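Analysis of the macromolecular model
Here is what each chain is made of, one letter per residue.
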Amino acid sequence: MRGAQFQERFRGKHQLQRDENGLEKCVACYLCAAACPANCICIEAADNTAEKRISSSERYAKVYNIDYNRCIFCGYCVEACPTDAITHGHGFELASLNATSLVMRKEDLLVPRTACPMRLRRTRMRQRFSPEPARGRRFARMKIREWVGLHLL
Ligand code: SF4
Ligand code: SF4
């Protein structure tokens, strides 16, 4: 819904977060599933390997499903998570006539790599200080405008 305003504490569709390196924060400890009073979280753990690292710990969640037919948005899973891997987003348009589409998979919940704040910041810094002349000029103009705004206006 366009124009909708949310309080920060609003509990919408869950999000599985990534760390500053883009790795998944979930370490498949099952604490969220144990805390869930509606028994709607289904996790399957797998081991990280040297060739394939998904999370920073020993294990990662190969499967992470939340059944929104059952979820009551109580937030207990978020409270229980030791790594802040699961949080509530602001997504609320979940209604569906098809119950199977309300079982969300890890792919539906995981934040994309580019949405990771540290990565975004790094990308922006790289773009700002890029040796590419056009970008460099744009950055210089922006800095001059900032300086003028601060000192002369
Ligand atoms: S918000 Fe509550 S009901 Fe929903 S998945 Fe988390 S613990 Fe379970
Ligand atoms: S989301 Fe958090 S509590 Fe749930 S399995 Fe992953 S690390 Fe554990």
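As a reminder, the structure under discussion sits directly above these lines.
As a starting point, this report considers the structure included with it. For clarity, every value in this text was computed on a predicted model and none was experimentally measured.

In the region of ligand 2, 14 residues are neighbours, and Cys26, Cys29, Leu31, Cys32 and Cys81 sit closest. In terms of residue class, the shell around ligand 2 is made up of 13 nonpolar, 1 polar and no charged.

Core analysis: the largest hydrophobic core is formed by 16 residues, its most contacted members being Leu16, Cys26 and Ile86. The greatest single-element share of this core, amounting to 4 residues, is contributed by strand 3 (residues 59-67). Setting aside chain neighbours within four positions, we find Leu16 in contact with Glu24, Cys26, Tyr64, Ala85, Ile86, Lys106, Leu109, Leu110 and Val111.

This part covers the environment of Ile72. Its place among the elements puts Ile72 in the loop between strand 3 and helix 2 (76-80). Residue Ile72 is classed as exposed on the basis of its 11 C-beta neighbours within 10 Å. Separated by 34 residues in the primary sequence, Ile72 and Ala38 have C-alpha atoms spaced 7.2 Å apart.

The next subject is the environment of Val27. Topologically, Val27 is positioned in the loop between strand 1 (14-16) and helix 1 (31-35). Here Val27 falls in the buried class, since 21 other C-beta atoms lie within 10 Å of it. Along the sequence, Val27 and Pro82 sit 55 residues apart, while their C-alpha atoms lie 9.3 Å from each other. Setting aside chain neighbours within four positions, we find Val27 in contact with Ser55, Ser57, Arg59, Tyr60 and Thr83.

Notably, Tyr30 is not glycine yet its phi reads approximately 70°, a positive angle. Here Tyr30 lies in the loop between strand 1 and helix 1. Judged by local crowding, Tyr30 falls into the partly exposed class, with 13 C-beta atoms found within 10 Å. Although it is not a glycine, Asn39 adopts a positive phi angle of roughly 55°. In this fold, Asn39 is placed in the loop between helix 1 and strand 2 (41-47). A residue is classified by how many C-beta atoms lie within 10 Å of it, and Asn39, with 10 of them, is exposed.

Cut-offs used in this document
- Residues numbered from 1 in each chain as written.
- Chains lettered and ligands numbered in written order.
- Predicted model: local features only at pLDDT ≥ 70, side-chain atom pairs only at ≥ 80, totals over all residues.
- Near = placed C-beta within 6 Å.
- Nonpolar A, V, L, I, M, F, W, Y, C, P; charged D, E, K, R; others polar.
- Core = buried A, V, L, I, M, F, W, Y, C linked by C-beta atoms within 7 Å.
- Buried ≥ 20, exposed ≤ 12 C-beta atoms within 10 Å, placed from the backbone.
- Helix = DSSP H or I, 4+ residues; strand = E, 2+ residues; numbered from the N terminus.
- Contact = placed C-beta atoms within 7 Å.

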